[in-house]
Amino acid sequence: MITANQATNAMLQIIEIIIPICALVMLGFVARHFGLVKANADDVIGDFVFKIAIPILLFRLLATASLDDVDPWPIWITYFASVALVWLLSAVLLPILFKREALYGVIGSVASAFANTVLIGIPVIIQAYGEAGMVSLSIVLSVHLPLMLLATIIHHDIAQAIDGGGGIVGESLAAKVKRFLKTIFTNPIMIGIMSGVAFRMSGLEMPAVVNDFTGKIAGIAGPMALIVLGMGLQKYGVKGNTGPALLTSSLKLGVMPLTVLILGHHVFELPPVFTAGLVLAAAAPSGVNSYLFAQHFGTGQALSANSISISTPLSIITISIWLFVLKAYVN
């Protein structure tokens, strides 16, 4: 049981973490709202963050981290079991509660399980735990995109069969595999991860100038991501049909990190900093992936947009709660 002093210290530490995060998000929001930046600034800066800054950060982390003694399986099971739980709950509950087609549940599952790791998860983890907190998330990210894309494709085809349709019209299995592999090997995040792993396996020592360069880029990745997030919040609004989005947001911000905490801390007894990194990653709000899939599948656009718009501001509160839990009980 924690004492009053420990609770107070934990809250002060959380405030020190959250205030800079909120300030950076607000800076982006205000800059776009008052026209201090161009209307498409979030797209331009977002491209830099997603395609350059975050991949370099992950490259640097994986190229220099000592992961030889880390067993990835408990980490993978901890995180992806929580993904499977909220994915299944969304797939079942959304069509039943809101009387929608099974394909609608696919979008809800993606919104519930695909976290905004780049713009929220990574900056919060680094702010709270530094690069040590990124080790477990890096292990998750090494397989995250392939597994999540594969799950989405399989769920999509099952949902279409339930709704009385076939697979994607005119697309053969070979075409799906080709599209899947192209997505994996051209994704900047995956390129950064694979490059970092390859460099570490080579046994080479990173030159000082490369270490300095990657360190500088890694240092600005988190702050820039939060500023872009603020710009995005100013752009998107909540437009009715909020019931399903409140469900997906609750699963994303509450059920998923709680499941990670139980599995990581109590079942697999992972190192505290590993559990903390995974919980904060799971507590990140819905990412833009659900909207991209909704556009592609032609359903659930309002659900995905509202899930992003609702879960993102709420995550400031819920992440603060999870930080308190982690500071008080896990550390």
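Details of the structure are given in the entry above.
Note that the coordinates shown come from a computational prediction; the quantities given were computed from them, not determined experimentally.

Trainee: Whenever I open this one, the packing of helix α3 (residues 72–97) against helix α11 (residues 272–282) confuses me. Can you help?
Mentor: Describing two packed helices takes the angle between their axes plus the distance from one axis to the other. Taken N-terminus to C-terminus, the directions of α3 and α11 make an angle of 25 degrees; their axes are 11 Å apart at the nearest point. Between α3 and α11, the interaxial angle falls into the category roughly parallel. The way α3 lies across α11 gives a crossing that is right-handed. The residues of α11 that touch α3, namely those facing I75, T78 and Y79, are F274, L278, A281 and A282. Residue classes in the contact of α3 with α11 are distributed as six nonpolar, one polar and no charged.

Trainee: Hey, could you run me through the packing of aromatic side chains in this one?
Mentor: Under the criterion given, the structure shown has three aromatic pairs. Ring plane angle 70 degrees and centroid distance 6.0 Å describe the contact between F59 and F199, whose orientation is recorded as edge-to-face. You can see F59 sitting in helix α2 (residues 41–64) and its partner F199 sitting in helix α8 (residues 188–202), a full 140 residues away along the chain. Among the residues examined, F59 registers a relative accessible area of 18% and is labelled buried.

Trainee: Mind showing me how you'd approach the nonpolar core here?
Mentor: Most often, soluble globular proteins have nonpolar side chains that are buried together. One finds Y79 and L280 to be the most contacted residues of the largest nonpolar core, which totals 88 residues. The leading source of residues in this core is helix α6 (residues 134–162), at 10 residues.

Trainee: Explanation requested: the pattern of salt bridges in the structure shown.
Mentor: For side chains of opposite charge, pairing can occur when their charged atoms come near one another. One pass over the full model with this rule turns up four salt bridges. Notably, a salt bridge pairs R60 with E131, separated by 3.7 Å at the nearest N-O pair. With R60 in helix α2 and E131 in the loop between α5 (117–129) and α6, the pair connects residues that are 71 residues apart, well separated along the chain. For R60, a relative accessible area of 16% gives the class buried. Looking at E131, the relative accessible area reads 42%, which means it is partly exposed. The residue K216 makes a salt bridge to D212 at a minimum N-O spacing of 2.8 Å. Placement of the pair is K216 and D212 together in helix α9 (residues 208–235), with a separation of four residues, close to one helical turn.

Trainee: I tried to follow α2 on my own but got confused; where do I start?
Mentor: An α-helical segment advances 3.6 residues per turn. Residues three or four places apart therefore align on the same side. With 24 residues, α2 should reach 34 Å at 1.5 Å per residue; the first-to-last C-alpha distance of 33 Å fits that figure. A bend of about 40 degrees at V49 is the largest found in α2.

What counts, and where the lines are drawn
Residues numbered from 1 in each chain as written. Predicted model: local features only at pLDDT ≥ 70, side-chain atom pairs only at ≥ 80, totals over all residues. Heavy atoms only, no water. Axes fitted to C-alpha atoms, helices over the stretch in contact; angles between N-to-C directions. Helix = DSSP H or I, 4+ residues; strand = E, 2+ residues; numbered from the N terminus. Parallel < 35°, antiparallel > 145°, perpendicular 65-115°, else oblique. Left-handed = near helix turned anticlockwise from the far one by under 90°. Contact = heavy atoms within 4.5 Å. Nonpolar A, V, L, I, M, F, W, Y, C, P; charged D, E, K, R; others polar. Phe/Tyr/Trp six-rings, centres within 6.5 Å; stacked < 30°, edge-to-face > 60°. Buried < 20%, exposed > 50% of the residue type's maximum accessible area, 1.4 Å probe, protein only. Core = buried A, V, L, I, M, F, W, Y, C linked by side-chain atoms within 4.5 Å. Salt bridge = Lys/Arg side-chain N within 4 Å of Asp/Glu carboxyl O. Expected span 1.5 Å × (residues − 1). Bend = angle between axes of the 7 residues up to and from the residue.

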